[in-house]
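This is what each chain is made of:
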Amino acid sequence: AQSVTQLDSQVPVFEEAPVELRCNYSSSVSVYLFWYVQYPNQGLQLLLKYLSGSTLVKGINGFEAEFNKSQTSFHLRKPSVHISDTAEYFCAALTSGTYKYIFGTGTRLKVLA
Amino acid sequence: NAGVTQTPKFQVLKTGQSMTLQCAQDMNHEYMSWYRQDPGMGLRLIHYSVGAGITDQGEVPNGYNVSRSTTEDFPLRLLSAAPSQTSVYFCASSARGANYGYTFGSGTRLTVV
């Protein structure tokens, strides 16, 4: 069965430091992978997605993610975070040919001044 | 362009009451879904639709009904509210196929007492 694991429930980091939010997925078939961001009291907003092709995907707000098939990972990175990046981040997977996303449990990123 | 509109934003129900959460999108998206978000559990799919007149169950469908009579609207009905249905509910829509990524509404915070 398909699943998405976000091992870190909370990640504190100082402003202007780099950050990596980890995501691992399990699937025996091809998947599409996504990262969403949720600011307080708002809906989810698409950050970036991997469908095929280059394994390094760039998204909005300076975020990027790398698809690693051998490690079944899709970690999200940003080289220098801002206070405004404080939010909850969700990794999601979609099995090719289906319509059902599987979401991870989320990682709360807290950027400290 | 309003995107995905959910109403109401907040609702308090008594156990046993019924209600309908409204969701409308103006992007002519084929795919629409309802999710619930609970602390530490990420987002779980309740029901989804791949087009007008077509709906299917997700991961946690019990206690909820949906219909899709038009492309624009996808209401979620709680038949007899229970405290376990206290949650934040999100509606989402996508063009063409779910691999394009969903656009989420801002959510409905429901409390059942």
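Before reading further, recall that the structure is shown in the block above.
Read on for an overview of the structure. (Residues numbered from 1 in each chain as written. Chains lettered and ligands numbered in written order. Predicted model: local features only at pLDDT ≥ 70, side-chain atom pairs only at ≥ 80, totals over all residues. Heavy atoms only, no water.)

Some words on the overall build of chain B
Okay, step 1: Summing up its helical and strand segments, chain B has 0 helices and 11 strands in all.
Okay, step 2: Listing every helix and strand of chain B by position from the N terminus yields β-β-β-β-β-β-β-β-β-β-β.
Okay, step 3: For chain B, the C-alpha radius of gyration of 13 Å lies close to 13 Å, the compact-globule estimate for 113 residues.
Okay, step 4: Summarising its shape, the C-alpha atoms of chain B cover approximately 40 × 30 × 25 Å along the three principal directions.
Okay, step 5: For chain B, the proportion of its 113 residues judged to be buried stands at 50%.
Okay, step 6: Considering only intrachain contacts with a sequence separation of at least 6, the fraction spanning at least 24 residues in chain B is 53%. (Helix = DSSP H or I, 4+ residues; strand = E, 2+ residues; numbered from the N terminus. Rg over C-alpha atoms; globule rule 2.2 N^0.38 Å. Buried < 20%, exposed > 50% of the residue type's maximum accessible area, 1.4 Å probe, protein only. Contact = heavy atoms within 4.5 Å.)

Digging into the overall build of chain A
Okay, step 1: Along chain A, the regular secondary structure elements total 0 helices and 12 strands.
Okay, step 2: If you list the helices and strands of chain A from N to C, you get β-β-β-β-β-β-β-β-β-β-β-β.
Okay, step 3: Computed over its C-alpha atoms, the radius of gyration of chain A comes to 13 Å, within 12% of the 13 Å expected for a compact globule of 113 residues.
Okay, step 4: With respect to the three principal axes, the spread of C-alpha positions in chain A is 45 × 30 × 20 Å.
Okay, step 5: Buried residues in chain A amount to 45% of all 113 residues.

A short note on the side chain of Q37 of chain B
Okay, step 1: Looking at the secondary structure, you find Q37 of chain B in strand β4 (residues 31-38).
Okay, step 2: Given a relative accessible area of 13%, Q37 of chain B falls into the buried group.
Okay, step 3: In terms of polar contacts, Q37 of chain B uses its side chain to reach the side chain of Q38 of chain A, at 2.9 Å.
Okay, step 4: Q37 of chain B has contacts with Q38, E88 and F90 of chain A together with G42, L43, S87, V88 and F90 of chain B, leaving out every residue within four places of it along the chain. (Polar contact = N/O pair within 3.5 Å; in protein donor to acceptor, adjacent residues only side chain to side chain.)

Describing the interface of chain B and chain A
Okay, step 1: Taken together, the 21 residues of chain B in the interface contact 20 residues of chain A.
Okay, step 2: Across the interface of chain B and chain A, roughly 1,600 Å² is buried in total on both sides, 61% from carbon and sulfur atoms.
Okay, step 3: In terms of surface lost to chain A, no three residues of chain B exceed L43, N99 and F104 of chain B, which account for 30% of the buried area on that side.
Okay, step 4: For the pair chain B and chain A, the number of links is 0 salt bridges.
Okay, step 5: Linking chain B to chain A there are 3 residue pairs in polar contact (both at pLDDT 80 or more). (Buried area = accessible area lost by both parts, 1.4 Å probe. Salt bridge = Lys/Arg side-chain N within 4 Å of Asp/Glu carboxyl O.)

Notes on the layout of surface pockets
Okay, step 1: Looking at the largest pocket, its volume works out to about 710 Å³.
Okay, step 2: If you trace the largest pocket, you find 33 residues lining it, with Q38, N41 and E88 of chain A together with Q37 and R109 of chain B closest to the centre.
Okay, step 3: Listing elements by their share of the lining of the largest pocket, those giving two or more residues are β2 (10-14), β10 (87-95) and β12 (107-112) of chain A together with β4, β9 (87-94) and β11 (108-112) of chain B.
Okay, step 4: Here the residues of the lining of the largest pocket are counted per class, giving 11 nonpolar, 16 polar and 6 charged.
Okay, step 5: Surrounding the second largest pocket, Y25, S27, V29, S30, V31, Y50, L51, F67, K69 and T72 of chain A form its lining.
Okay, step 6: Grouping the constituent residues of the lining of the second largest pocket by class yields 6 nonpolar, 3 polar and 1 charged. (1 Å grid on protein atoms, 1.4 Å probe; cavity = no way out; pocket = protein on both sides within 12 Å on 5 of 7 lines; lining within 4 Å. Points joined across faces, edges and corners; volume = space filled by probe spheres on them. Nonpolar A, V, L, I, M, F, W, Y, C, P; charged D, E, K, R; others polar.)

Some details on the sheet that holds strand β8 (residues 76-78) of chain B
Note: strands within a sheet are paired through backbone hydrogen bonds, in either parallel or antiparallel orientation.
Residue and element names in this part refer to chain B.
Okay, step 1: With antiparallel pairing, the 4 strands of this open sheet are ordered in space as β1-β3-β8-β7. Edge positions in the open sheet fall to β1 (4-7) and β7 (64-66), since each of these has one partner strand only. Strand-to-strand twist across the sheet, computed as the mean angle between neighbouring axes with direction ignored, equals 20°.
Okay, step 2: Two strands pair when backbone bridges link them, and strand β3 (residues 19-25) and β8 are joined in this way by 3 bridges, in the antiparallel orientation. The residue bridging T20 from the neighbouring strand is R77, located in β8. (Pairing = 2+ DSSP bridges. Axes fitted to C-alpha atoms, helices over the stretch in contact; angles between N-to-C directions.)

Side note on the state of the cysteines
Residues and elements named next belong to chain A.
Okay, step 1: As enumerated under the stated definition, the model contains 2 disulfides over all chains in all.
Okay, step 2: Disulfide pairing is shown between C23 and C91; the S-S distance is 1.9 Å. Between C23 and C91 the disulfide shows an S-S torsion of about -65°. By sign, it is left-handed. Highlighted residues: C23 in the loop between β3 (19-21) and β4 (24-26) and C91 in strand β10, separated in sequence by 68 residues.
Okay, step 3: Taking the relative accessible area as the measure of exposure, C91 reaches 0% and is therefore buried. (Disulfide = S-S within 2.5 Å.)

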